[in-house]
Amino acid sequence: MQMFKRVADIFNSHVNSVLDKMEDPAKMISLMITELEDTQTKARASMAGRKAEQTSLEREKAEFGKSVVRWEERAKLAISNGREDLAREALVEKKYASEQVKRVEEQLATLTSILASQTAQLAQITDKLKEVKDKQQILVQRARGAKEKKQVAQTLKNSDSADLARKFSELESKIERMEADAEMAGYHGSTSSSDEFAKMENDSAIDAELESLKSSMAKKKEQK
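What counts and what doesn't
- Residues numbered from 1 in each chain as written.
- Predicted model: local features only at pLDDT ≥ 70, side-chain atom pairs only at ≥ 80, totals over all residues.
- Heavy atoms only, no water.
- Helix = DSSP H or I, 4+ residues; strand = E, 2+ residues; numbered from the N terminus.
- Buried < 20%, exposed > 50% of the residue type's maximum accessible area, 1.4 Å probe, protein only.
- Contact = heavy atoms within 4.5 Å.
- Phe/Tyr/Trp six-rings, centres within 6.5 Å; stacked < 30°, edge-to-face > 60°.
- Lys NZ or Arg CZ within 6 Å of the ring centre and 35° of its normal.
- Expected span 1.5 Å × (residues − 1).
- Salt bridge = Lys/Arg side-chain N within 4 Å of Asp/Glu carboxyl O.
- Core = buried A, V, L, I, M, F, W, Y, C linked by side-chain atoms within 4.5 Å.

Chemist: Whenever I open this one, the overall build of the chain confuses me. Can you help?
Modeler: A tally of regular secondary structure across the chain gives seven helices and zero strands. In sequence order, the secondary structure elements of the chain are arranged as α-α-α-α-α-α-α. Residue burial in the chain is summarised as follows: out of 224 residues, 17% are buried. The long-range share in the chain, meaning contacts at least 24 apart out of those at least 6 apart in sequence, stands at 86%.

Dropping the structure here:
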């Protein structure tokens, strides 16, 4: 029955470390399928051998059954002919044949039980193999996702929170310096001559407009 234990081993062995060792989930799933197919083949071969043994035992039982009948008839024949000594020998042989029939029947009962168990286990292997093949792509994606999730979790676990805070603070300071540099890049310092001329021209225009407005208002007063 060790063969069928492999089914559990395929799925349960090294469960805690399998993701760490799984560099390629697709290959891992393919390996599982190969192992299941190998187990299935060996299970079928074992069952074929058991069935052959069952056939042989049934044939042996039939032969001993015939022997029981034959020695009983001989015992009767010997008694009919007044040969009690021969009848006794025939009954001894009949007893031996009967004991062999019981022995073979016990073997057949055990073998039948084993075959029933193997049949159920083979059905489980076949179902599991079909399930794995049907879900092969999904299993590969789940395996990769689980591996990546575990790696991220391990990275976060191994990261020092104080170190992360320090790095974040340094990054923030760098950004602030960059912003300050950008503002300073647009600052020219003292007023240029162009700026001064523009201011003078603007002031002259305003003065001229102011004088014009005052003159206009004075004329209106004179007219009144």
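Further notes follow.
Chemist: Honestly, the packing of aromatic side chains in this entry has me stumped. Any pointers?
Modeler: What describes a pair of aromatic rings is the distance from one ring centre to the other and the angle between the planes of the rings. According to the stated counting rule, one finds zero aromatic pairs in the structure shown. When the ring centre of Trp71 is taken as reference, the NZ or CZ atom of Arg74 above it lies at 4.7 Å.

Chemist: Can you help me understand helix α3 (residues 25-80) in this one?
Modeler: Side chains three or four residues apart in an α-helix point the same way, a direct result of the helix having 3.6 residues per turn. The end-to-end C-alpha distance of α3 is 82 Å, a good match for the 82 Å that 56 residues give at a rise of 1.5 Å each. Two residues or fewer past α3, Gly82 is found with a positive phi of approximately 70°.

Chemist: Before we go on, may I ask you to explain the pattern of salt bridges in this structure?
Modeler: Opposite charge on two side chains allows them to pair when their charged atoms are near. For the coordinates displayed, the defined rule picks out 12 salt bridges. Glu72 serves as the salt-bridge partner of Lys94, at 3.5 Å between the closest nitrogen and oxygen. With Lys94 in helix α4 (residues 84-134) and Glu72 in helix α3, the pair connects residues that are 22 residues apart, well separated along the chain. We classify Lys94 as partly exposed; its relative accessible area is 22%.

Chemist: Would you mind showing me how to read the nonpolar core here?
Modeler: Grouped burial of nonpolar side chains is what soluble globular proteins tend to show. Ile29, Met32, Ile33, Leu36, Ala43, Met47, Leu122, Ile125, Leu129, Val132 and Val140 form the largest nonpolar core, which has 11 residues in total. Of all the elements in the fold, those that place two or more residues in this core are α3 and α4. Among the elements that line this core, the one with the most residues is α3, at six residues. The contact partners of Ile29, leaving out residues within four places of it in the chain, are Val132, Gln136, Leu139 and Val140. Ala97, Val104, Leu108 and Leu115 belong to the second-largest nonpolar core, a separate cluster that totals nine residues.

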